[in-house]
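One letter stands for each residue in the lines below.
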Amino acid sequence: MSMDKILYGVAYYDEYMPYDRVEKDMEMIAAAGMNVIRIAESTWSTWEPQEGVFDFTHLRRMLDASKKYGLSVIIGTPTYAIPTWLAKKCPEILALTHGGQELYGHRQNMDITNPTYLHHAEIIIRKLMEYVKDEPHVIGFQLDNETKSYDTCTPYAQAKFVEYIKEKFPNIDEFNHEFGFDYWSNRINAWEDFPDVRGTINQSLAAEYRKFQRKLVTDFLTWQANIVAEYKREDQFITQNFDFGWTEHSYGLQPEVDQYAASQCMTIAGGDIYHPSADFLTGKEITVCGNIIRGLKQDNYLILETEAQGNPGWLPFPGQLRLQAFSHFANGANSVMYWHWHSIHNAIETYWKGVLSHDLAENETYRECCTIGKDLKRIGHKLVNLKKRNRIAIVANNEALTGLTQFPTATRDSHGYNRVLRWLADALMDMNVEYDVIPADATLLPNYDCIILPAFYSAKEDYLMALDSYVKNGGNLITTYKSGFSDEYLKVYSDTQPHILHKALGLHYDQFTLPYNVTVSYKGQTSDASEWMEMVHCDTATSLAQFGHHSWNHYTAVAKNTYGKGQTLYLATLFGENTLKAILKDFLAEIACEDTHKADAMKLPYEATCPITVKQGINDEGHHIMYFLNYSKDPQAIRNIAGDAKELLSGATVSINATITLKPWGVAILEYSI
Amino acid sequence: MSMDKILYGVAYYDEYMPYDRVEKDMEMIAAAGMNVIRIAESTWSTWEPQEGVFDFTHLRRMLDASKKYGLSVIIGTPTYAIPTWLAKKCPEILALTHGGQELYGHRQNMDITNPTYLHHAEIIIRKLMEYVKDEPHVIGFQLDNETKSYDTCTPYAQAKFVEYIKEKFPNIDEFNHEFGFDYWSNRINAWEDFPDVRGTINQSLAAEYRKFQRKLVTDFLTWQANIVAEYKREDQFITQNFDFGWTEHSYGLQPEVDQYAASQCMTIAGGDIYHPSADFLTGKEITVCGNIIRGLKQDNYLILETEAQGNPGWLPFPGQLRLQAFSHFANGANSVMYWHWHSIHNAIETYWKGVLSHDLAENETYRECCTIGKDLKRIGHKLVNLKKRNRIAIVANNEALTGLTQFPTATRDSHGYNRVLRWLADALMDMNVEYDVIPADATLLPNYDCIILPAFYSAKEDYLMALDSYVKNGGNLITTYKSGFSDEYLKVYSDTQPHILHKALGLHYDQFTLPYNVTVSYKGQTSDASEWMEMVHCDTATSLAQFGHHSWNHYTAVAKNTYGKGQTLYLATLFGENTLKAILKDFLAEIACEDTHKADAMKLPYEATCPITVKQGINDEGHHIMYFLNYSKDPQAIRNIAGDAKELLSGATVSINATITLKPWGVAILEYSI
Amino acid sequence: MSMDKILYGVAYYDEYMPYDRVEKDMEMIAAAGMNVIRIAESTWSTWEPQEGVFDFTHLRRMLDASKKYGLSVIIGTPTYAIPTWLAKKCPEILALTHGGQELYGHRQNMDITNPTYLHHAEIIIRKLMEYVKDEPHVIGFQLDNETKSYDTCTPYAQAKFVEYIKEKFPNIDEFNHEFGFDYWSNRINAWEDFPDVRGTINQSLAAEYRKFQRKLVTDFLTWQANIVAEYKREDQFITQNFDFGWTEHSYGLQPEVDQYAASQCMTIAGGDIYHPSADFLTGKEITVCGNIIRGLKQDNYLILETEAQGNPGWLPFPGQLRLQAFSHFANGANSVMYWHWHSIHNAIETYWKGVLSHDLAENETYRECCTIGKDLKRIGHKLVNLKKRNRIAIVANNEALTGLTQFPTATRDSHGYNRVLRWLADALMDMNVEYDVIPADATLLPNYDCIILPAFYSAKEDYLMALDSYVKNGGNLITTYKSGFSDEYLKVYSDTQPHILHKALGLHYDQFTLPYNVTVSYKGQTSDASEWMEMVHCDTATSLAQFGHHSWNHYTAVAKNTYGKGQTLYLATLFGENTLKAILKDFLAEIACEDTHKADAMKLPYEATCPITVKQGINDEGHHIMYFLNYSKDPQAIRNIAGDAKELLSGATVSINATITLKPWGVAILEYSI
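Residues numbered from 1 in each chain as written. Chains lettered and ligands numbered in written order. Predicted model: local features only at pLDDT ≥ 70, side-chain atom pairs only at ≥ 80, totals over all residues. Heavy atoms only, no water.

## Side note on the relation of the copies chain C and chain A
Rules: Residues below a pLDDT of 70 in either copy are left out; the C-alpha atoms of the rest, at least 70 in both, set the least-squares superposition of the copies.
Taken as rigid bodies, chain C and chain A are interconverted by a rotation of 120° and an axial shift of 0.0 Å, the fit giving an RMSD of 0.1 Å. In symmetry terms, the pair is related by a three-fold rotation axis. The C-alpha atom lying nearest the rotation axis in chain C is that of Gly100 of chain C; the distance is 6.6 Å.

## Some remarks on the pairing of strand E26 (residues 612–618) of chain C
Residue and element names in this part refer to chain C. Heads up, the condition is: Think of it in three bands: residues with accessible area under 20% of the maximum for their type are buried, residues over 50% are exposed, and the middle band is partly exposed, with areas taken using a 1.4 Å probe on protein chains only. Working definition: helices are DSSP H or I runs of at least four residues, strands are E runs of at least two. Numbering for both runs from the N terminus. Strands are treated as partners if at least two bridges between them are detected by DSSP.
Along E26, seven of the seven residues are buried, which leaves the element largely enclosed by surrounding structure. Burial along E26 is two-sided: Ile612, Val614, Gln616 and Ile618 and Thr613, Lys615 and Gly617, pointing in opposite directions, are all buried. With seven bridges joining them, E26 and strand E27 (residues 624–630) adopt antiparallel strand pairing. Within E27, the residue paired with Thr613 across the bridge is Leu629. Between the antiparallel neighbours E26 and E27 lie five residues, among them Gly622 with a positive phi of about 80°.

## Here's the deal with the interface of chain C and chain A
Accessible area lost when the parts come together is the quantity often used to give the size of an interface. Just so we agree on the cut-off: By definition, residues are in contact when any of their heavy atoms lie within 4.5 Å. Simply put, the buried area is the total loss of 1.4 Å probe accessible area from both parts when two parts are fitted together. In what follows, salt bridge is the name for a side-chain nitrogen of Lys or Arg lying within 4 Å of a carboxyl oxygen of Asp or Glu. Side-chain atoms alone can form a polar contact between residues adjacent in sequence; in general such a contact is a pair of N or O atoms within 3.5 Å, and within protein one must be able to donate a hydrogen while the other accepts it. Classes in brief: Ala, Val, Leu, Ile, Met, Phe, Trp, Tyr, Cys and Pro nonpolar; Asp, Glu, Lys and Arg charged; the others, Gly included, polar.
Taken together, the contacts link 52 residues of chain C with 50 residues of chain A. For chain C, the biggest contributors to the area lost against chain A are Leu315, Asn346 and Tyr351 of chain C; these three give 16% of the whole. One can count zero salt bridges joining chain C with chain A. Viewed at the interface, chain A and chain C are joined by 30 residue pairs in polar contact (both at pLDDT 80 or more). Within the residue set of the side of chain C that touches chain A, elements represented by two or more residues are helix H2 (44–47), helix H4 (84–89) and helix H12 (364–383) of chain C. When its residues are assigned to classes, the side of chain C that touches chain A shows 25 nonpolar, 17 polar and ten charged.

## Side note on helix H3 (residues 57–68) of chain A
All names here are of chain A. So the rule is basically this: Multiply 1.5 Å by the residue count of a helix minus one, and that product is the helix's expected span.
Relative to the 16 Å expected for twelve residues at 1.5 Å per residue, H3 spans 17 Å between its end C-alpha atoms, a close match to the ideal helical length. The complete set of buried residues in H3 reads Leu59, Met62, Leu63, Ala65 and Ser66. At its buried positions, H3 is contacted by helix H1 (22–31), strand E2 (36–39), helix H2 (44–47), strand E3 (72–76), helix H5 (115–132) and strand E6 (138–142). Immediately downstream of H3, the backbone of Gly70 shows phi near 75°, a positive value.

## Some words on the packing of helix H10 (residues 284–296) of chain B against helix H14 (residues 416–430) of chain B
All names here are of chain B. Rules: To obtain an axis, a line is fitted to C-alpha atoms, over the contacting stretch when the element is a helix, and the angle between two such axes runs from 0 to 180 degrees between their N-to-C directions. For this classification, under 35 degrees means roughly parallel, over 145 means roughly antiparallel, 65 to 115 means roughly perpendicular, and everything else is oblique. Take the far helix as your reference; a near helix turned counterclockwise from it by less than a right angle gives a left-handed crossing, and one turned clockwise gives a right-handed crossing.
In contact at an axis separation of 10 Å, H10 and H14 are set at 115° when each is read in the N-to-C sense. As far as their axial angle goes, H14 and H10 are roughly perpendicular. The two elements H10 and H14 cross, and the hand of that crossing is right-handed. When H10 is examined against H14, the residues Lys284, Glu285, Thr287 and Val288 are found in contact with a partner set consisting of Leu421, Arg422, Ala425, Asp426, Met429 and Asp430. Of the residues belonging to the contact of H10 with H14, the class tally is four nonpolar, one polar and five charged.

Structure representation (structure tokens):
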């Protein structure tokens, strides 16, 4: 979806304010150069204080004041937290989960399959849509917020699951065979005997329930999108605020949502990225999570939430907020919206701080926002709708993630899959190689010169065969341990590993273990193997590194292979990032993908190394835009080797071979007329 | 309450004995120079083996034997653990808590609002009181034991809570506004919709429920006191065995009881202090917790329980038990009573060892008790009712504690408040500056030259204004980060921080973060900032230390200010104790509070440094008593610079300027006739 | 039970196979030199897919194919995991435990006292027995698998417990007195008031419930044995697959089963040993757990399960699988059976890998099995029924284990008892001193020269008196802290500690603490004291080491004593293994047990030190067999000092004083014709 300007703004909640400030706030927001607010998405109990009683006073105030100050509005449906009266009326709306019965209080704790919930959710959505649909400055709608299934395991949800399984497996014996239920006497010999899935020790069943829960999310969002679509104007968009696999911040692929499927019902993909800041700001999350969102609809995307002051410990150093904003734009985002305008005075997010502090006055953060707003007014039209043409794609896949969660490697947590994905993605960013993130969809393979497939645990055969053809026909493939290990139901393939891929990779293994005192060396870069190691035998492949170990050194840790017209690289264990980068550098050079900035697609060369990140694309005018982002507290210098250009923030001309100096956490944006 | 002698004794349980020993035990107790036993407080199922059946055989035996050996008796009501028959009769007496439904077994697991519990508790209290009230050697009564609400969240307790809220907020909209329930759709638009508080994510509600639970304790103890008062003689006291915020030992302010309110119904304050021993004995807990109890009724107090051999790892080195006893007396305690006489042969406190070991014979611990008993017989009348006139007070406050528990700083535990309180209190003790601990009561401020206000998170405006006036009129104030941050319902103040106090402090801040690689330096003492840091701007204040950091060094870590006739000191972060002591030393010198031993009030100078602790007061004869306590395994020497004195333990004369030598863990007590 | 050959084989599950392989598998198994499969023990839902519907198709296939390839069969009853239809029919079969209500899914989660469960279990056992009893190649039966009570706390089980208590204590007052229920008002004054044991804080009650749960296991297995015995032929054995106290592998005595009692109903003892491998393979678990099983019926035993590839991280280095197999035989095992033949393609044990990997093809592990099978065919008759005549026995006791679990020492886990047992047992193995493991049965004492009694917490007086007599009459006793501390109901003895034993030991203590900065030194070997320390006074004993500490050095850490004709050694704390070995070496030398290989019983001397382990015994031909096991990745050499011999694996003659070279993880087996 092409946009006419970059959206820069905040989430706003008149209903949370300690006193009447809506006019003052809108004035300050506009004065900062912001142009949009996002409202309404979490306060059902305010809009409908009692069943059937509606009160849009706060909404009215926000709509009127924003209009007065020329701000656009995104409306969120308020369905991700239910009112007290609804919990009282129908306590079984609160989900039963693996952790037991939910109590009222938290958001996102209801059974999204509960008909009473859906009935009341539909009423409030329709009332809200009717109320706002004709406001000219409402530009779009956000469905719910960070929607999940909230691990619903209610009898209602489980009954739907049994129907879902019966549709997939009309023959119950096939179901038992595929899921291996003979094991430990778990056979389900009649559908009526289906036990509570929460007790299962069968990961095939557990994973399938997770897949079913993801489908519930898709169904729920599609249902909401259809309601909203009945009301919305042609010019208004529908989006969702997707979030990500979470450690103490956004980390990688979201385990609980199939965002590729769920975003089908939307006009534009949106999401929130929260990342470490201050000494720990690296831009890595902005890149990897941004690339995930950009890949959902293969288009520019909205950052609907990101941190201003954020959590304790995230207060940005001077310049960081600005660096972050331009990093999002450099990555293809068409908006940056802070969560949230003002810091909240009560409840669980009191310390998740907005642009303004609790005193609701100008502060350092607000002042830095003003500089960004001012820049965007001046040069935003050069930055909006930035298009990328990346030659490399990382495949991100929920089933693989669930597989590695159900069967974790050495670190017994749920981040095994994202750890591998981040290992590869972060190395690429350090090397200033831009990449897309795509789903495991065979039709997308031809778009790329190189496919990176991290720990593709749970793999359908047709996709593995597509990868085989892709390489045979000249594509290049980088993959890791645990790829092609099981079928889509987590049943381990019972032939040569990696299943099907072993041919393209030119190697196989039949044993594996956990590495202990094992190293991997490549061109002087030695690091410890960790997480997992497969006892790889090279068939046609060439070993790039054997395991460093007294007994396992006859097995291969890293191997490359030529298969048909393509090349492959296999990483049989996890190891240090410097070793990885050395290996990737040579492999990408060999397949001529080493410097995406020199590549035909982009036509613009660049040399840079961490901590300077270079990102580029082509803007609406067909010009090349190149961002230089300094992720460090020290100034950095870099030479413009690509051609004469204009630095957009300063307006200065930068001749070829001139040196650009970046302040600590500084940004430069070069526009080339080519 | 003035007492005629120091009480020295033990908790005694004839009912726990493996065989009949009551005569032998009383003889041994008396032989040790002890003069009191505390009995009856936990064995309801022994006194009332079946509903309405009473059996005071053990009580009779203890009363008779103690009388025979001249021992006084304190009677405890046995209501903190219910009998099996009562649990069987009325299972709902067992509390429903945040952790779920309690099972029978543990003590202190009942719903103290349950009417059936109260009914039966009243019966056993009355029966017991009738039985013992006329015993001449019963000197007082202990209500229940370490009473709490046991986190009762039963429907019964929650209904009372709704009534309590309705009384405070007749207007439900004001309740919603003050508690910020618009947030995440938590509005309670009708009282009938009030959800189970256990699920709440609203800290204002959670904290108010904790406050309500503390009120339940006050109500319960007052109810018991009224019953006991119907029976007790004029000469008999009523007390309670208060305990403290607990880590692996007594640590600081008790979070679950408002001891200031709860002690109103009592004649004398009492408590138990359990502290690390052996290599970890410092006297810090004896001081800080003792000062808390002394402050409850601003009077001498009872140590009703403290460790003899105690828990595994607490076995005192030779001399330590003796040092501990005199430390309590030096602090204003009028009793030391061990929990307990004999080690128990079954159940959960088998290894919480008493004076005697399981073999019930004389041992090292008993022999050390004998030396203390002997000393007390000789000089106890010089030590009893020791009065302190401290010029410095630390404010201890439950609401602030709850605030920092609900919104913890970097260390995500429940000790944030006590950590700050202990940081300040322990520095004072190291500096040999004695202090009182007082509640946040404006009427007490004029009693002190300097008020120390640790992390006063949740602050009523009238108290903040009283502090402002106090400083303006010449009082001195030391306070820290997070003071004045929210109102009494944990709603963050929405104007300049620290709310109201910023004027007296001469500074403000509007941002904060967690320190990482940040230091604080003062006069050569450098240490790491931790827990929290506020971005302080000095208005009229003088910065004593800026943050040591590449980006945050334009903010102030420590500042002092002159405001009206008073001075203030602000600590915007937590840092090392040596840095703190250097800062406090200068500030206290400036306000002439640096050496409380040189102060007019006490008239007696003293110089000492850790590990020698000096404590003093004025005894019943109007003489100054000065204790020298050696908290180390090495001998120490100290010069008597205050005047000619008598060392009470040895009876030796100590001339001015003579040197006193203290043995490892040794004690000297000087009496000055001035 | 004397066997005619060593059993070498695998657990096999036709029902788990992804496709039809039974013929191929049996052929491969036989080709590896294996001779037995174990089948049927966990797939009730396959044998009885619906109530009353039986389907032994898979069983038939396995019986037929195994017969064709000359393999023997062990049949397991499938009762340790219930079918879905049974859970559906009778949900209360799923146990209520300390952790709450079990859900369907896991094995071993039912209430083994539930009559409906027992009814259906009996039906499937009888059907299965009828089906297989006449198969000539079925050689024995395994009752259930790794049976426990699964912590059943159902009302049904608890009612049985009350009956069990009433039988022991017809007088309820005696029950209250013995269990100390006066404490904290826990008295049970009427049987009807008996509370849910899950809430108890009385360790006497908790421990007695654990003892009762162990009795449930004995009763259950005896009940199964009686059913099986109705069908089995004279030549068929009955066994059970006992497992062990578990850390991340088999560790020591099983807490949840009284294996001595439970094995009474069996023909031969069996068990499974899973141990660390690769860099962490030491043979310690094979030895200590093997010695436990051998002690159950004081006879050779079956290893019914042990790892092939095992868990991730356990993949054996080349040679290790072979070393492990011969280590079992060297220890007196008459079988080694791998769990399992093939790696499973679904569910929780997908990564608990068998001989074959998921690709079901020959691999390194299979090839190493083949070498073992080949050796056994050639020399197995020399190795079977190896008899040991050890002079030292370690007493292993469930009640002591439960005591130390209820009252843990410094490390607050449940392994306190096994930690002490392993400390002593592992030192003996390092010293190449072989030992038996025996129950606390006075009649067994005369069989041994030296009894080792680790942490014998909970001790009946008659056994303590038997030990006293044993020493008085010339036996030697080594014991540790916490021995003789409480009676059988965890009531601490109220006289001199260690109760009764203090006389034989010539010492006593009445205090103890946790060691902090405390050391123990003996002949230059200094190490830290840990876990516990008792303040020991020597009476007649000689101190071998005092505690190294500034204040506790007047107490004894290690003492020996002469009592009557015997000697004793007391270890009052836990310390480093080298210090322990130095102490044991001298003590065993003094009592002439230092080198069991030089002892009369065995007549064959040997010198060896870790990592070479020497194990020996007498084979069916009356010849001495001596194993040399190299537990290291480096080659080792050892001199044959015992006499001329034949090395059985190579067939080579080894003259006296010749040097044998052992490969990494290598094995040599010498047969002496003496």
